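Each chain is listed here by its residues.
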Number of protein chains: 2
Amino acid sequence: MSPDTGLAPASGDAVASLVETLKARFGERVSTAQAMRDSHGRGEGAGPPAAPDAVVFAQTTEEVAEIVALCSQRRVPVIPFGAGSSLEGQLDAVRGGISLDLTGLDKILEVNAEDLDVKVEAGVTREQLNAHLRDQGLFFPLDPGANATLGGMASTRASGTNAVRYGTMREVTLGLTVVTASGEIVTTGGRARKSSAGYDLTRLFVGAEGTLGVITELRLRLFGVPERITSGLCQFDSFTNAVEAVSAVIQMGVPVARIEFLDTLQMQACIAYSKLDELAAKPTLFLEFHGSPASVDDQIEQVREIFDAMGGGAFSWADKEEDRSRLWKARHDAYFAARALAPGTQSIVTDACVPISRLAEAVEAAARDGEKSGFACPIVGHVGDGNFHVMILHDGEDPDAAKRAKALSDRIARRAVEMGGTSTGEHGIGLNKLAVAREELGASAALMRTIKDALDPHSIMNPGKTLPV
Amino acid sequence: MSPDTGLAPASGDAVASLVETLKARFGERVSTAQAMRDSHGRGEGAGPPAAPDAVVFAQTTEEVAEIVALCSQRRVPVIPFGAGSSLEGQLDAVRGGISLDLTGLDKILEVNAEDLDVKVEAGVTREQLNAHLRDQGLFFPLDPGANATLGGMASTRASGTNAVRYGTMREVTLGLTVVTASGEIVTTGGRARKSSAGYDLTRLFVGAEGTLGVITELRLRLFGVPERITSGLCQFDSFTNAVEAVSAVIQMGVPVARIEFLDTLQMQACIAYSKLDELAAKPTLFLEFHGSPASVDDQIEQVREIFDAMGGGAFSWADKEEDRSRLWKARHDAYFAARALAPGTQSIVTDACVPISRLAEAVEAAARDGEKSGFACPIVGHVGDGNFHVMILHDGEDPDAAKRAKALSDRIARRAVEMGGTSTGEHGIGLNKLAVAREELGASAALMRTIKDALDPHSIMNPGKTLPV
């Protein structure tokens, strides 16, 4: 459910005049059909859509600049839209306005294999990029569950299962092309691996959720496909031991590429959904090792020692690509597997991220809260980063259940903040986390507001999101 | 030489009244002695000092807030000062005002060994931090040549020889305590390894060179001391082959911890200064490998194969700590060794950083330019990052020589920008690179200015620096 943002809708006359102008300019690439507006008025999160007044499909940076300039002149909100897979209400048109669909900006502009970088348009998805790179021995590691657009991933500062080794969108974004709130085109960053040339505008737009401008192009770091990739999983009898084994691996500095936790209920869901009949419904760690053959052997040995000491079972290994793909497809489908546990229910997904020394405590407390709530609450986690997701499955038609689910989500988020962590490791604030973010950000929220007001003086860029009021 | 910034000095009455107030409050911790003012009116770069009107020695974040608030009320500039080792004129008081000496903020506030993070005050130096960590199996890897303060390192987005593996201050800074231009205390970031909670204020202040606020505390990532550390060096007959060997190592993804280039003239200087009589004055790579024993062996094997193919000579190895220390002390003393080549001269140090595929071309062209100039121009480089420094040794008393040295420096910087790189990999813009930065930053400079004006409306924070006019 979207909180009441108290924002007035854009002026009806301004919107009508803008839509007329846009239709004259872009023809059928402007839609005011209800179904199109509804599909663009929400992401993957719970709650009803807040539909924009119109959807415009842009195809170039210059078109985006033209559209934003028109919105700016008329003070009409503009909400950038990619794959529609964000989870925190980032796409809800709380003041109406224009949903700016960027999926037409789908070109891979440059691949520099020697420098391990790529330039893409914002509507390119992570799977599209990796399909393009497949024959070049290169890959882009970041993988949120959805096949999100890279512009969207930058805007929410997304990460996924590989972040423990390769970083998040903060680390892998070298530069951006951005359309500002007045419709100007600005490039940030460059191709050097490091720079001290002025303010870090790249990282200001990464994570700004479209509230400071529209990202239209990204220059990203790539990585060479490792000589050897080995995936494996290890099941534990004890939930706590599984999580503490992860903390030990990270503290030892073993450079694992992926280390993912799934609790008993989540494993039960995955076994059913992805037909993993060989596995038991027990706390499980999915791992992947990247490197030279010697380095992978070395990493595996270090991890086995730790897991043995923590009561982990035998490893199941997947060296072949099809076996690895099956394993990671099951992990990526965890969200859908979980939703299939209770068909027809809504899901709130928490996104707490804590210092690694507090991880076991945080996950255990969340699990206890989940049990007490009576909701089905499977847990998965990018535990190498201290980040875990509790999926709170509840009857969205029952206002009391929705309220209790939201309260549970807030409690888990607040506890992470109290532990020195954050309410959101990778999903963003959007609308849904505004209240918790107010507490988390403290006095720095006022600095954020000052920057917002300076860069978007008419408050047209995705209004109502990210900035606590 | 400082360019003419065209900035009016602060009002004499306002300064006099401020200094009186500060003396009443801080007593002997306020100095208007000429020698003290001169020593605080410049860094390590070329050119005469631009002295502040007074120097104030703060000891706590609260005192910094009080001092900045007083400066803000009277519209008097305030220039944060750490070790005084910056190279681009960052410390010159071009409008007079207060030099705010932060070396009294010298406490290490928290070490969290389990989470590999530390909280320090801004005046703590990198050597002080590592001495404190020595017994805990932890270290902080970033090492600019000087024993800089960590606040200063964050402000210039510094790095050093380990950045190829561990990143720069951008990557290792988890959060900050900052005093804003109005004298408010704000904390940014947190202890989680990743977060999507709002704008990345931490990275906005990192690299802002004190123009947006004063960093008073930092939360930094630490790293476990690797199980094995092996240093070595390899000499080449061919300058080009040495640089291209580095590009190959990076492109292969070998996780070297350090890979540093020194050209023939720089080696000649180091052999004389650091008594490395066993070495020849030839293009040389200094390397270091970190990891488990198996992983270090594996890295060394990969590097040897590449170096053999590029005509590298036999490796000299240093496994023992005293031998390693001798090697890296020689590398860290390269600046002083180079200055000893031509005693009494001034030095301009370039800081170009280019995509790795352009590195050999960039370094060769810089070397040719250096030869043509007639100046002694030794070259060292953090070449794994594409970053290299040409030291242009010239007679600072001769205006024509100073002008030609600056023109050479600008030419090398501009070429890096044309190659898709940056004029400054780790030193910052300060005063000296304002003209080149204007070209490099293009339209994004206006965005930087908007942010500056919003966060520092009276332009008191280190005025005249970083932002091209």
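All values derive from a computational prediction rather than experimental measurement.

Conventions we followed
- Sequence positions are assigned chain by chain, starting from 1 and proceeding in written order.
- All chains are assigned letters beginning at A, and all ligands numbers beginning at 1, according to the order in which they are written.
- Local features in this predicted model are restricted to residues whose pLDDT is 70 or higher, and side-chain atom pairs enter the listing and the counts only when it is 80 or higher, whereas totals over whole chains, interfaces and linings include all residues.
- Hydrogens and water are ignored here; the side-chain numbers use all heavy atoms of the structure.
- Helix numbering and strand numbering both begin at the N terminus, where a helix is a DSSP run of H or I of at least 4 residues and a strand a DSSP run of E of at least 2.
- We compute the radius of gyration over the C-alpha atoms and compare it with the globule rule, which gives 2.2 Å times the number of residues raised to the power 0.38.
- The buried label applies to any residue whose accessible area, calculated with a 1.4 Å probe on protein chains only, is under 20% of its type's maximum; exposed applies above 50%, and partly exposed to all values in between.
- Residue contacts are counted whenever heavy atoms from the two residues lie within 4.5 Å of one another.
- For the purpose of counting charges, residues Lys and Arg are taken to be positive, whereas Asp and Glu are taken to be negative. His and the chain ends are not included.
- Charge positions come from single atoms, namely NZ of Lys, CZ of Arg, CG of Asp or CD of Glu.
- Least squares is the method used to superpose the copies, on C-alpha atoms of residues holding a pLDDT of at least 70 in both.
- Arc definition: it is the arc formed by the directions from the helix axis to the C-beta atoms.
- One bridge is not enough; two strands pair if DSSP finds at least two bridges between them.
- Lines are fitted to the C-alpha atoms to define the axes, a helix being fitted only along its stretch in contact, and any angle between axes, read from their N-to-C directions, falls within 0 to 180 degrees.
- Two N or O atoms form a polar contact when they lie within 3.5 Å of each other; inside protein one atom must be a possible hydrogen donor and the other a possible acceptor, and for residues adjacent in sequence the pair counts only when both atoms belong to side chains.
- Roughly parallel refers to an angle under 35 degrees, roughly antiparallel to one over 145, roughly perpendicular to one between 65 and 115, and oblique to any angle outside these ranges.
- By definition, any crossing whose near helix is turned counterclockwise from its far helix by less than a right angle is left-handed, and any crossing with a clockwise turn is right-handed.
- Accessible-area loss on putting two parts together, using a 1.4 Å probe and summing over both, is the definition of buried area adopted here.
- For this document, the term salt bridge refers to a Lys or Arg side-chain nitrogen within 4 Å of an Asp or Glu carboxyl oxygen.
- When residue character is reported, Ala, Val, Leu, Ile, Met, Phe, Trp, Tyr, Cys and Pro are called nonpolar, Asp, Glu, Lys and Arg charged, and the others, Gly included, polar.
- Among buried residues, the Ala, Val, Leu, Ile, Met, Phe, Trp, Tyr and Cys ones that are joined through side-chain atoms within 4.5 Å form a nonpolar core.

## Some remarks on the overall build of chain A
Now for step 1: From N to C terminus, chain A includes 17 helices and 18 strands.
Now for step 2: Taking 23 Å as the expected radius of gyration for a compact globule of 469 residues, we find that chain A reaches 22 Å, a close match to that expectation.
Now for step 3: When its C-alpha atoms are laid out on the principal axes, chain A stretches across 65 × 55 × 40 Å.
Now for step 4: Residues classed as buried in chain A amount to 63% of the 469 residues present.
Now for step 5: Here the contacts in chain A between residues at least 6 apart in sequence split such that 73% fall between residues at least 24 apart.
Now for step 6: The distance from the centre of the 46 positive side-chain charges to the centre of the 62 negative ones in chain A is 3 Å.

## A short note on the relation of the copies chain B and chain A
Now for step 1: Overlay of chain B on chain A (RMSD 0.0 Å): rotation 180°, translation along the axis 0.0 Å. In short, the pair behaves as if placed about a two-fold rotation axis. Measuring from the rotation axis to each C-alpha of chain B, the shortest distance belongs to Ser-295 of chain B, at 2.7 Å.
Now for step 2: When the interface residues of chain B are mapped onto chain A, 100% of them are again interface residues, pointing to one common binding face.

## Focus: helix α13 (residues 334–341) of chain A
At 3.6 residues per turn, the α-helix brings residues three or four places apart onto the same side.
All names here are of chain A.
Now for step 1: Looking only at α13, the buried set comprises Ala-334, Tyr-335, Ala-337 and Ala-338. Buried residues of α13, viewed axially, fall in a sector of 160°; they line one side.
Now for step 2: Considering only its buried residues, α13 is in contact with α10 (264–274), α12 (321–332), β16 (346–349), β17 (379–382) and β18 (387–394).

## Some details on the sheet that holds strand β6 (residues 117–121) of chain B
All names here are of chain B.
Now for step 1: Strand order across the open sheet formed by five strands is β5-β6-β10-β8-β9, with antiparallel pairing between neighbours. Each edge of the open sheet carries a strand with a single partner, namely β5 (108–112) and β9 (185–189). Averaged over neighbouring strand pairs, the angle between their axes works out to 15° when direction is ignored.
Now for step 2: Relative to strand β10 (residues 213–221), strand β8 (residues 173–180) is paired through seven bridges, and the arrangement is antiparallel. Directly across from Thr-177, in β10, lies its bridge partner Glu-217.
Now for step 3: Sheet contacts for helix α4 (residues 126–133): β5 and β6; angle to β5, the most-contacted strand, approximately 50°.

## A look at the sheet that holds strand β1 (residues 30–31) of chain A
All names here are of chain A.
Now for step 1: Read from one edge of the open sheet, four strands run β1-β2-β4-β3, paired in mixed fashion. Taken across any chain shown, the strands that pair with only one partner, and hence form the sheet edges, are β1 and β3 (78–81).
Now for step 2: The pairing of β3 with strand β4 (residues 98–101) spans four bridges and is classified as parallel. Note that in β4 the partner of Pro-80 across the bridge is Leu-100.

## Some details on the side chain of Arg-258 of chain A
All names here are of chain A.
Now for step 1: Assignment of secondary structure puts Arg-258 in strand β13 (residues 258–262).
Now for step 2: Residue classification places Arg-258 among the buried residues on the basis of a relative accessible area of 9%.
Now for step 3: Among the polar contacts listed, one links the side chain of Arg-258 to the side chain of Thr-161, at a separation of 2.8 Å.
Now for step 4: Contacts of Arg-258, omitting those with residues within four sequence positions, involve Asp-143, Thr-161, Asn-162, Val-164, Phe-286, Leu-287, Glu-288, Trp-328 and His-332.

## Concerning the packing of helix α15 (residues 399–418) of chain A against helix α16 (residues 434–441) of chain A
All names here are of chain A.
Now for step 1: Between α15 and α16, whose axes approach to 10 Å, the crossing angle comes to 15°. Here α15 is positioned roughly parallel relative to α16, judged by the angle of their axes. Crossing of α15 against α16: the hand is right-handed. The residues of α16 that touch α15, namely those facing Asp-410, Ala-413, Arg-414 and Val-417, are Val-436, Glu-439 and Glu-440.

## Looking at the interface of chain B and chain A
Now for step 1: Each side of the interface is counted separately: chain B has 72 residues, and chain A has 72 residues.
Now for step 2: Between chain B and chain A, the buried area comes to about 5,800 Å², and carbon and sulfur atoms account for 60% of it.
Now for step 3: For Glu-426 of chain B, the salt bridge identified is with Lys-194 of chain A, shortest N-O distance 3.2 Å.
Now for step 4: For the side of chain B that touches chain A, the secondary-structure elements that each account for two or more residues are α6 (163–166), β9, α8 (201–205), α9 (239–251), α11 (293–309), α16 (434–441) and α17 (444–455) of chain B.
Now for step 5: With eight residues, α17 of chain B is the single largest residue contributor to the side of chain B that touches chain A.
Now for step 6: When its residues are assigned to classes, the side of chain B that touches chain A shows 28 nonpolar, 30 polar and 14 charged.

## Some points on the pairing of strand β2 (residues 54–57) of chain A
All names here are of chain A.
Now for step 1: Two strands pair when backbone bridges link them, and β1 and β2 are joined in this way by two bridges, in the antiparallel orientation. Looking at the pairing, Ser-31 lines up with Val-55 of β2.
Now for step 2: Sheet topology places β2 next to β4; four bridges connect them, and they run parallel. By the bridge assignment, Val-55 is partnered in β4 with Ser-99.

## With respect to the environment of Pro-80 of chain B
Now for step 1: As for its position among the elements, Pro-80 of chain B is in strand β3 (residues 78–81).
Now for step 2: Ignoring any residue separated from it by four or fewer positions in sequence, one finds Pro-80 of chain B in contact with Leu-91, Leu-100, Leu-102, Gly-210, Val-214 and Asn-462 of chain B.

## Digging into the nonpolar core
Here is a general trend for soluble globular proteins: nonpolar side chains tend to be buried in one another's company.
Now for step 1: Residues Phe-140, Met-169 and Leu-218 of chain A together with Phe-140, Met-169 and Leu-218 of chain B are the most contacted members of the largest nonpolar core, which totals 94 residues.
Now for step 2: For Phe-140 of chain A, the residues in contact, after removing those within four places along its chain, are Leu-129, Asn-130, Leu-133, Leu-150, Met-153, Met-169, Val-172, Leu-220, Arg-221 and Leu-222 of chain A.

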